[in-house]
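Architecture and fold: a report
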Amino acid sequence: MSDQLPPAPPPPPEDPNQPPYGQQPPPYGQQPPYGGQQQPGQQPPYSQSGQSGQQGQPGPPPYGQPPYGQQPYGQPPYGQQQGYPQYPGGADPYGQMVREPEVQIDVHGLRPQKRWTVLIRLILAIPQLIVMFFLGLAGLVVLIIGWFAALFTGQLPTGMREFLIGILQYQTRVYGYLYLMVDEYPPFAFFEAPGYPIQVDVPPPTRLNPAAVFFRIILMIPGWIVTSVLQEGAAVIAFFVWIIMLFTGRQPEQAFGATSAMLRYETRFAAFSGMLTPTQPKGLFGDLPGASDTGERRSPTRPLFLSSGARTLLIVMIVIGAIAFVLNNVFSNSNNDNWNSDRAPYTVSQQVSQHR
């Protein structure tokens, strides 16, 4: 035996399709490394233009990418903005907000007023208040009948709706005159009064939700509380504004802005209560920039942009009104308790005397 090892077997022949030692083949559909050559049987390199190196033969796109010329997955077509699905009263498929139907008011105020009309404004408004009282009674009867009609049909009859709109426009003009916003005397005109500086714009009729119609009184509670608080606070602030206007003959800008916000909220609450709109009253502190329906300035109150002074005065009005609202309820409850306690001994003694 020989101590020499047998010779090693010859190495296997190199595969022409394999890359050099230490290099991995590029992923499918990608360009080979710089300086590398395309191996036999390998897919032609994928060019930057989205086509294969061989003319007329498009190459496959990289993993996770759509074919050339198509929008990435999950994106809307070119030229269209990405949005969200449509919601009832929210946005359309491409994110454009759809405004809910709301009542708008135009008050052309901030003008000089006669001091003698400011002095006796409440006396001058007595005939208007009498007419508005009887219109309110008639409107209550029409509203009760219209409630049953809207409950089954989803909308108010046209004649009843127009009658309630006329009452809304009439009382808005009277309230604006009482709040010292304008000096012109309100006309005894039902429905429209084109020449008057206070105008009310009611949106076209829309279908009402029968459930919202059925529970309308319950849905009115938040708006009724806010309106009651505003009226309590306005009664206090109006006295000081009245004193100022007796000397200046003009309503201050802060008072005009706060009063306009209150009047618009009250008008929207009345429209919601009368089923003229399906929208709850909102926008107490004015409109946001860019949120107007048309973008153009129609009047000092449309769109309604409140200054910092008007917002502060409105907050003061709300605080005073809330305190007055709570105190009125406390004193009314205490008076009722006292009245019941005063009647109780009389009732018991009367019963004893009757048994005798």
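Residues numbered from 1 in each chain as written. Predicted model: local features only at pLDDT ≥ 70, side-chain atom pairs only at ≥ 80, totals over all residues. Heavy atoms only, no water.

Quick word on empty space enclosed by the protein
Cut-off, in case you're wondering: Only protein atoms enter the 1 Å grid used here, on which a cavity is any set of points holding a 1.4 Å probe that cannot leave and a pocket is any open set flanked by protein within 12 Å on both sides along at least five of seven lines; residues with an atom within 4 Å of a point are listed as lining. Grid points are joined across faces, edges and corners, and a volume is the space filled by probe spheres set on the points. Nonpolar residues are Ala, Val, Leu, Ile, Met, Phe, Trp, Tyr, Cys and Pro. Charged residues are Asp, Glu, Lys and Arg, and all others, Gly as well, are polar.
Throughout the structure, instances matching the rule amount to two cavities of 30 Å³ or more. There is about 30 Å³ of room inside the second largest cavity. Lining the second largest cavity are E102, V103, R268, T277, T279, Q280 and P281. Of the residues that constitute the lining of the second largest cavity, the class distribution is two nonpolar, three polar and two charged.

Remarks on helix α7 (residues 221-248)
In plain terms, the rule: Segments assigned H or I by DSSP are reported as helices when at least four residues long, segments assigned E as strands when at least two residues long, and all are numbered from the N terminus. The span expected for a helix works out to 1.5 Å for each residue beyond the first. Each residue is assigned a bend, namely the angle between axes fitted to the seven residues that terminate at it and the seven residues that start at it. Throughout, exposure labels follow a simple rule: accessible area from a 1.4 Å probe, protein chains only, divided by the maximum for the residue type, with under 20% read as buried, over 50% as exposed, and the rest as partly exposed.
Taking 1.5 Å of rise per residue, 28 residues should cover 40 Å, and α7 covers 39 Å from first to last C-alpha, within 8% of that figure. At A235, α7 shows its largest kink, close to 30°. By the burial criterion, the buried members of α7 are G223, T227, S228, V229, L230, G233, A234, I237, V241 and M245. G249 occupies a position one or two residues after α7 and carries a positive phi of about 75°.

Considering unusual backbone geometry
Glycine aside, the phi torsion of most residues is negative, and most peptide linkages are trans. Residues R302 and P303 are joined by a peptide bond in cis, for which omega reads -5°. Within the secondary structure, P303 sits in the loop between α8 (253-273) and α9 (308-355). Here the phi dihedral of L180 falls at roughly 65°; this positive angle occurs in a residue that is not glycine. Topologically, L180 is positioned in the loop between α4 (158-178) and β2 (198-201). The class of L180 is buried, set by a relative accessible area of 6%. In this structure, M275 takes a positive phi of about 60° despite not being glycine.

Considering the side chain of R161
Using the following cut-off: Neither His nor the chain ends contribute to the count of charged residues, in which Lys and Arg are positive and Asp and Glu negative. Note on definitions: salt bridges are taken to be side-chain nitrogens of Lys or Arg within 4 Å of carboxyl oxygens of Asp or Glu. Note on contacts: a residue pair is in contact if any heavy atoms of the two residues lie within 4.5 Å.
Mapped onto the fold, R161 is located in helix α4. Among buried charged residues, R161 stands out as having no salt bridge; its nearest opposite-charge side chain is E162, 5.0 Å away. In this view, R161 contacts L156, V202, P203, P204, P205 and L276; residues no more than four positions away in its chain are not counted.

Looking at the layout of surface pockets
Of the volumes computed, that of the largest pocket is approximately 630 Å³. Taken together, 24 residues line the largest pocket, and the ones lying closest to its centre are I167, Q171, A270, S273 and G274. Listed by contribution, the elements that provide at least two residues to the lining of the largest pocket are α3 (126-153), α4, α7 and α8. Grouping the amino acids of the lining of the largest pocket by side-chain chemistry returns 13 nonpolar, 10 polar and one charged.

Things to note about the environment of H108
Along the chain, H108 falls in the loop between β1 (104-107) and α1 (115-119). Taking relative accessible area as the criterion, H108 reaches 34% and is therefore assigned partly exposed. For the pair H108 and I198, spaced 90 residues apart in sequence, the C-alpha to C-alpha distance is 6.5 Å. Those residues within four positions of H108 in sequence are excluded, and the remaining contacts are V182, P197, R298, S299 and P300.

Here's the deal with the pattern of salt bridges
Enumeration according to the criterion identifies seven salt bridges in this entry. Note that R268 is salt-bridged to E102, the shortest N-O span being 3.6 Å. Of this pair, R268 sits in helix α8 while E102 sits in the segment before β1, and the two are 166 residues apart along the sequence. Residue R268 is classed as buried on the basis of its relative accessible area, which comes to 4%. A residue is classified by how much of its surface remains accessible, and E102, at 17% relative accessible area, is buried.

Observations concerning the pairing of β1
Here is the rule: Criterion used throughout: strands pair if DSSP finds at least two bridges between them.
Residues Q104 and D106 point to one face of β1 and I105 and V107 to the other, with burial holding for every one of them. Two strands pair when backbone bridges link them, and β1 and β2 are joined in this way by four bridges, in the antiparallel orientation. Residue pairing in the sheet places I105 in a bridge with V200 of β2.

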